[in-house]
Structure formats: structure tokens, C-alpha cells
Amino acid sequence: MRTFCGGIGGLLGRRAAAVVLAALLPLTVAATANAASVTQGAAPRAAVAPVMAAAAAANPFDNTMIGLVNRARAAAGVPPVTEATGLTRLSLWWSAQMNTGATAYVLKHNPNAWTMVTTYGAANRTSWGENVASSSSTATTAQELFNAYMNSAGHRANILSRNYRYIGMGTVTGAHGLFNTTEFTDAVQAGQAVVAAPVAPVAPVVADFVRDSSNGMVYRMAGGAPVFVSTWTPFGGVQPFRNITHTQLLAMPKYPANGTFVRTLGTSGAVYRIAGGAPIFVSTWAVYGAPRPTVSIDPAAVAHAGATGAWDHLRLVPLDSTFIRTPNNGAVYRIAGGAPLWVSSWTPFGGPKPYVDIDPAAVSYAGQAGRWGNLRMYPADNTYLLGIGSPKIYRVLAGKATWLTSWTIVGGPKAYVSVDLRAILEAGNNTYLSHLKK
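In this text, all values refer to a predicted model and were calculated from it rather than measured experimentally. (Residues numbered from 1 in each chain as written. Predicted model: local features only at pLDDT ≥ 70, side-chain atom pairs only at ≥ 80, totals over all residues. Heavy atoms only, no water.)

1. Structural notes on helix α3 (residues 85-99)
Logical step 1: Over its 15 residues, α3 extends 21 Å from the first C-alpha to the last, a length consistent with the 21 Å expected when each residue adds 1.5 Å.
Logical step 2: Within α3, twelve of the 15 residues are buried, which leaves the element mostly enclosed by the surrounding structure.
Logical step 3: Tucked into the core, α3 has its buried residues touching α2 (60-75), β4 (82-83), α4 (113-116), β5 (127-135), β6 (166-174) and β7 (177-185).
Logical step 4: Among the residues trailing α3, Gly-101 stands out with phi positive, at a value near 100°. (Helix = DSSP H or I, 4+ residues; strand = E, 2+ residues; numbered from the N terminus. Expected span 1.5 Å × (residues − 1). Buried < 20%, exposed > 50% of the residue type's maximum accessible area, 1.4 Å probe, protein only. Contact = heavy atoms within 4.5 Å.)

2. Remarks on the environment of Trp-93
Logical step 1: With respect to the secondary-structure elements, Trp-93 resides in helix α3.
Logical step 2: In the structure, Trp-93 is positioned 17 residues away from Asn-110 in sequence and 9.9 Å away in space, judged by C-alpha atoms.

3. A short note on the layout of surface pockets
Logical step 1: Estimates place the volume of the largest pocket at around 840 Å³.
Logical step 2: As for the largest pocket, its lining consists of 32 residues, of which Asn-59, Pro-60, Phe-61, Asn-430 and Tyr-432 are closest to the centre.
Logical step 3: Broken down by secondary-structure element, the contributors of at least two residues to the lining of the largest pocket are α2, β6 and α9 (360-364).
Logical step 4: Here the lining of the largest pocket is built from residues that sort into 14 nonpolar, 16 polar and two charged. (1 Å grid on protein atoms, 1.4 Å probe; cavity = no way out; pocket = protein on both sides within 12 Å on 5 of 7 lines; lining within 4 Å. Points joined across faces, edges and corners; volume = space filled by probe spheres on them. Nonpolar A, V, L, I, M, F, W, Y, C, P; charged D, E, K, R; others polar.)

4. Comments concerning the sheet that holds strand β17 (residues 331-336)
Logical step 1: One open sheet accounts for four strands, arranged β18-β17-β16-β19; its pairing is mixed. Of all the strands in the sheet, the pair left with one neighbour each is β18 (339-343) and β19 (356-357).
Logical step 2: Bridge count between strand β16 (residues 323-326) and β17: four bridges; the pairing is antiparallel. In the strand pairing of β17, Phe-323 is matched with Arg-334. (Pairing = 2+ DSSP bridges.)

5. A word on the nonpolar core
Logical step 1: Grouped together as the largest cluster of nonpolar side chains are 40 residues, with contacts concentrated most on Ile-280, Ile-297, Leu-314, Ile-324, Ile-358 and Leu-375.
Logical step 2: Of all the secondary structure elements, the ones that give two or more residues to this core are β9 (218-222), β10 (225-229), β13 (271-275), β14 (278-282), β15 (295-297), α8 (299-303), β17 and α9.
Logical step 3: In contact with Ile-358, not counting residues within four places along its chain, are Ala-275, Ile-280, Val-287, Tyr-288, Ile-324, Arg-325, Thr-326, Pro-327, Val-363 and Leu-375. (Core = buried A, V, L, I, M, F, W, Y, C linked by side-chain atoms within 4.5 Å.)

6. Remarks on the sheet that holds strand β22 (residues 400-404)
Logical step 1: Overall, mixed pairing links the four strands, which are arranged β22-β21-β20-β23 in an open sheet. Two strands in the sheet have a free side with no partner beyond their single neighbour: β22 and β23 (417-420). Across the sheet, the mean angle from the axis of one strand to that of its neighbour is 40°, orientation sign disregarded.
Logical step 2: Pairing between strand β20 (residues 383-388) and β23: four bridges, direction parallel. Looking across to β23, one finds that Ile-388 is bridged to Asp-420. (Axes fitted to C-alpha atoms, helices over the stretch in contact; angles between N-to-C directions.)

7. Quick word on the packing of α2 against helix α5 (residues 142-150)
Logical step 1: Put simply, α2 and α5 touch, their axes get as near as 9 Å, and they point 40° apart. Comparing the axis directions of α2 and α5 gives the class oblique. Once α2 is placed against α5, the crossing between them reads as right-handed. Note on element contacts: α5 touches α2 through Ala-142, Gln-143, Leu-145, Phe-146, Tyr-149 and Met-150, opposite Phe-61, Thr-64, Met-65, Leu-68, Val-69 and Ala-72. (Parallel < 35°, antiparallel > 145°, perpendicular 65-115°, else oblique. Left-handed = near helix turned anticlockwise from the far one by under 90°.)

8. Topic: the side chain of His-109
Logical step 1: Structurally, His-109 is set in the loop between α3 and α4.
Logical step 2: Polar contacts involving the side chain of His-109 include one to the side chain of Glu-130, which spans 2.5 Å. (Polar contact = N/O pair within 3.5 Å; in protein donor to acceptor, adjacent residues only side chain to side chain.)

9. Let's talk about the pattern of salt bridges
Logical step 1: In total, this model carries four salt bridges according to the counting rule given.
Logical step 2: Note that Arg-242 and Asp-208 form a salt bridge whose closest N and O atoms lie 2.8 Å from each other. Of this pair, Arg-242 sits in strand β11 (residues 241-244) while Asp-208 sits in the loop between β7 and β8 (209-212), and the two are 34 residues apart along the sequence.
Logical step 3: According to the relative accessible area criterion, Asp-208 is partly exposed, its value standing at 25%.
Logical step 4: Across the pair Asp-357 and Arg-325 runs a salt bridge whose closest N-O atoms are separated by 2.7 Å. Note that Asp-357 is positioned in strand β19 and Arg-325 in strand β16, a separation of 32 residues in sequence.
Logical step 5: Classification of Asp-357 as buried rests on a relative accessible area of 12%.
Logical step 6: The exposure class assigned to Arg-325 is buried, which follows from its relative accessible area of 19%. (Salt bridge = Lys/Arg side-chain N within 4 Å of Asp/Glu carboxyl O.)

Okay, here's the thing in C-alpha cells:
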């Protein structure tokens, strides 16, 4: 058990298992007494750089923390805060300072933060606050850390303050545990606010049947694409359909739109969400907050996903380069060879890209048989990867990415997927990086 204090001004310590907290109460330009409570200093030289770039969902733990902050603010009737790139960079930098021993691994506030925020995109701030916390265990969850913050008056006041509109969140782990820094300000400069990644819209439910007049084959329209109907039996008998030419069929999108929900008829009644043309199993509607409209399809269409001929309107696994996200923790992945490779930051990709929210269990159970079989645990053999920021091409064999020194080894250039370099270099280091072997 370790003690933690609320904030400057004599808040009494409370106790929380393995979590240490400290909070600085809000500083404002007008409140000079509060400002004087912190040693202000010059901004760091450029050489003192943050340990990692910040972007939306750059760290699933921190993304979850920001979500918890905004849920608490909503419950209190307070407007949400928006992540700011510079504030997150500063938060990560200070957490890294504590993690690497600059404070002798002791939890402390950044004594220069009030001044430093001006060089981290908040030169126009008039109000600022900081929460810091540490845990002896790197297994501490975001919810546990957030609960500790909310059980402390000083930290809770910062989290729920109406003065703040922007937040930076930075958590770093190491041999001495976990360190978290949260920065709050009332204003940031133009271009600092993190723009949420565009979510692939839920495709409208257009559920009619079409028949190819050239061969009599029937399809169910789902997400704008024709999904083959092998028999009318699951639909309770013949349904009304409209005849189209084979040319018209070929002109339709090959796969249902990203985000489309489909349900297989029959005893299973399984629900899937389309991502990159593949049906990804939905084990519970809780992932999406409530049931969503679905298109009922022939169960055989899912069973034959990836087959040729009339079945070729659902893929076995998502198309390469498809982005998916697990909404419970905000983790983003890019599909390569049918497997989800973690995206630690949108920065290498030039900013946020459209993604499809999928059931987190689909990632957890990737590679297993049955309903989970539409994501692979590891990229298929002979998948080629380019780690963005490096000129090296990697070849995947048996789940391991190995540097390919020359295309001549494999008979010439091949198609490759550009991925976050960390997914390759840190393969196997944690749950998010478990889809490539060390």
C-alpha cells in the first residue's frame, strides 16, 4: 500500500493499492498565488525531445484514459476535453523522465510544465492543471488508475473542471512500474487539437434480391454488393426479386461496404460486420452500444467466403491495408496478409484514416476455427511488409517478419503492405504486438 496526496494546498493523503498520485491545482494567469506554487523555468532545448510522437489512439491505454475522463465529465454535465498533440507529447516526455530515473523514480510534478506548455502548442493558455500518478505494477489498468484519480479530491477537480478544454495524456512503463502524466489547459494553438479519425459509416440497409438473367443465379443485396443465395430455404421460400443483366451484376461493387452488418439465417443467427470485404464475427451488440440494422443472408455465403465463382462476393479475410479498430481500448490495426498489425500512431500514415470498428474478441481469437476464422493470427506466408520510415522490406514466413535483402531472392518485386515500423521491430512484445512473432 502506498499513500498519495491530492494537490497543493494541504489535501490529506489517502491510500490506494500500489498507485501513487499527485495533482497540481489549476493555475491561471490571474491566480498568481497558485502559479507561485510551482517553480517556473525556461522551456527545454530542442535536444530534450519527447520519447514518442503523439497522435489519436497512439497508445491504447492513454486513449482509454481520455475516454474515461470524458465519460466522467459527461456524467457531471461538463463539456468534453479534446486531446492536443503537444500536450500529449509533453505528458509522455515527463512520464519518461520519471521512468528513466530523472526523478530517482519518485513520483513528482514537472516543475516547469506551466512554462513548457507554451512551447508544446499552448502558448495561448491562461489556465493549466496537471495530474501525475505511478503504479508499482505495469499490469495496472486504465480503469484502476482512473478510479484512483477520481477518489482524490484534487485530481477529480482537475478532471471535472469546466476551465479546461484540452488534455494531454502520457503513460510510460518500465522496470520501475507505470508512470502517468495528464496535462490540462483552457486553450491550445491552431493545429494542436487531435482530429478524430473518420469512422467508416454504417452502410444503409438495402435488402432486395436480384437475379442474373443470364444464368438464373440469385443474390441478396448487402451494403451495395450482391451476396450469393444458394437456396431460398433460409428465407422461407421464394422471395420477390428483380432481373438484371450479367453486365449490370459485374458493374456492382464486388464486396459489401465497410461497416455493413449481416446476419446468417437459420439456427445460428450469427451477426458479422464487413471489414475489407470479409465478415468479422460480432459476439455481442454491447461493442456498438445497441443492436444495429442487419441484412439477412444465406449462411452458406459466409461458410464459402473466399471461394470463387458466385461465392466471390465475401472475402475469407479483409483486404490488405484495411484499418480496423477495437472500440473498447481504441487500438487500431492494419490488415496485412489477413492479420491485424498494430498501429501505434496515425503519424506514419499521414494522419487519421477511415477504419471499421470490430468486436475486440475477433482480434483476441484471431486464427481460431469457426466464426473467428476471418482474421488470421499471423500474416499469411509470403506477405511482404514495408515498415514506414525504413527502406527495408520484410517477408513473413511462419509468422515472423525477416528482412528481405533483395527482391531477386523471391524472383522480383512483389506487392507489399506499408505498416507501422513498431509492429515489426517490437514484434511479440505485448498483446497489441502479438500478431508477428519475435
